[in-house]
Amino acid sequence: MMRRGLAALLGAVLLVTTGCALTDRAGAAVIIDGQRYTSQQLANDFRALDEALGDQQKPGTMDQVNRAIISILISKAIMEKASKETGVAINQDAIATLREQLIMQTGGEKEFAAFAATKGVPPTMIDDVLANTVFTNDLGAKLVGGTNTDAQVQAANEYFLGLAKTMNVEVAPRYGKWDPSQMLADLPVNDLSVAAAQ
């Protein structure tokens with residue numbers, strides 16, 4: 001059974017009313033440990049998500065979708081840092097296998113992209129979200145061991161939250177502010193594991 005990954009966790013953790021804010025300089029939407037993601041890139045990803053949706057219901061307002069996209073970027077950066085610090089590899093083969101399973105379960109590439117879009121995930125970021133799901137499980141298994149997957153996922157998420165507090169994340173004010181210590185549940189949940197149960 002697939003578990004909620006880091007992206008799902010940060011879908012509830014990130015853009016709130018306190019924390020680090022980025023002044024609108026050089027068109028940056030967010031800067032993560034010095035890596036810049038521009039407002040134009042965000043607009044392009046939003047447009048790609050909108051196109052993938054087709055006739056499906058949007059996952060939220062434009063502001064909510066933009067925040068969900070930014071959450072994927074932050075979660076990817078945390079995952080990559082966690083991989084370097086713990087030595088747990090990001091398993092590309094497992095990601096590819098998971099993607100193929102979900103494509104089959106949703107009826108094809110286009111249908112899967114549309115499903116992902118309803119969860120606030122643009123087509124170009126699908127593999128990032130799947131990577132977070134796979135990596136969360138792998139890291140949890142290393143941290144806890146045994147067969148208690150709930151405990152493993154909890155341990156991995158606690159590790160991610162601790163690591164997030166050490167990172168320099170600046171978000172442009174128009175997209176919100178980031179506080180890794182708070183939990184919210186009103187953002188789109190970019191967790192693609194739901195497809196496995198359908």
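Rules used in this analysis
Residues numbered from 1 in each chain as written. Predicted model: local features only at pLDDT ≥ 70, side-chain atom pairs only at ≥ 80, totals over all residues. Heavy atoms only, no water. Helix = DSSP H or I, 4+ residues; strand = E, 2+ residues; numbered from the N terminus. Expected span 1.5 Å × (residues − 1). Core = buried A, V, L, I, M, F, W, Y, C linked by side-chain atoms within 4.5 Å. Buried < 20%, exposed > 50% of the residue type's maximum accessible area, 1.4 Å probe, protein only. Contact = heavy atoms within 4.5 Å. Arc of directions from axis to C-beta. Pairing = 2+ DSSP bridges. Axes fitted to C-alpha atoms, helices over the stretch in contact; angles between N-to-C directions. Salt bridge = Lys/Arg side-chain N within 4 Å of Asp/Glu carboxyl O.

1. Topic: helix H3 (residues 62-86)
In this model, H3 (25 residues) spans 36 Å end to end at C-alpha, consistent with the 36 Å of a helix rising 1.5 Å per residue. Immediately downstream of H3, the backbone of Gly87 shows phi near 80°, a positive value.

2. Describing the nonpolar core
If you look at the biggest cluster of nonpolar residues, it comprises 48 residues, and the most contacted ones within it are Val30, Ile32, Tyr37 and Val169. Going through the elements one at a time, strand E2 (28-32), helix H2 (39-53), H3, helix H4 (92-106), helix H5 (109-118), helix H6 (126-144), helix H7 (149-164) and strand E4 (169-171) are the ones with two or more residues in this core. The biggest single contributor to this core is H3, with 10 residues. Contact partners of Ile32, with chain neighbours within four places excluded, come to Leu73, Ile74, Ala77, Met167, Asn168 and Val169.

3. Observations concerning H2
Its 15 residues give H2 an end-to-end C-alpha distance of 21 Å, which sits within 8% of 21 Å, the value for a rise of 1.5 Å per residue. Along H2, the residues that are buried comprise Ser39, Leu42, Asp45, Phe46, Leu49, Ala52 and Leu53. What you see down the axis of H2 is that its buried residues fit within an arc of 145°, all on one side. Contacts from the buried residues of H2 go to E2, strand E3 (35-38), H3 and H5. Trailing H2 by a residue or two, Gly54 shows a phi angle of about 60°, which is positive.

4. A few points about the environment of Ile72
Structurally, Ile72 can be placed in helix H3. On the accessibility criterion, Ile72 (0% relative accessible area) is buried. C-alpha of Ile72 to C-alpha of Gly120: the two residues are 48 residues apart in sequence and 9.3 Å apart in space.

5. Digging into the pairing of E2
Along E2, five of the five residues are buried, which leaves the element largely enclosed by surrounding structure. Where E2 and E3 come together, four bridges link them in antiparallel fashion. Residue pairing for E3: Ile32 is matched across the bridge by Gln35. Count of turn residues in the E2/E3 antiparallel hairpin: two residues, of which Asp33 carries a positive phi of about 45°.

6. What about the environment of Ala48?
Looking at the secondary structure, you find Ala48 in helix H2. By relative accessible area, which is 22% here, Ala48 ends up partly exposed. Each C-alpha atom, one on Ala48 and one on Val121, is 9.6 Å from the other, the two residues being 73 residues apart in sequence.

7. A word on the sheet that holds E4
Judged by pairing direction, the sheet is antiparallel, and its three strands sit side by side in the order E3-E2-E4 without closing on themselves. Each of the sheet's edge strands pairs with one partner strand only, and the pair in question is E3 and E4. With direction set aside, neighbouring strand axes in the sheet form an average angle of 15°. Across the sheet, H2 touches E2 and E3, and the angle it forms with E3 is around 55°. H3 rests against E2, E3 and E4 of the sheet, and its axis sits at about 20° to E2.

8. Some points on unusual backbone geometry
Positive phi is not limited to glycine here, since Asp33 has a value of about 45°. Counting through the fold element by element, Asp33 comes out in the loop between E2 and E3.

9. Focus on the pattern of salt bridges
Pairing of side chains with opposite charge becomes possible as their charged atoms draw close. Under the counting rule described, the total for this entry stands at four salt bridges. Note that Lys58 is salt-bridged to Asp50, the shortest N-O span being 3.2 Å. Its salt-bridge partner being Asp128, residue Lys76 comes within 3.6 Å of it at the nearest N-O pair. Of this pair, Lys76 sits in helix H3 while Asp128 sits in helix H6, and the two are 52 residues apart along the sequence. In this structure, a network of salt bridges that share partners links the residues Arg99, Glu109 and Asp127.

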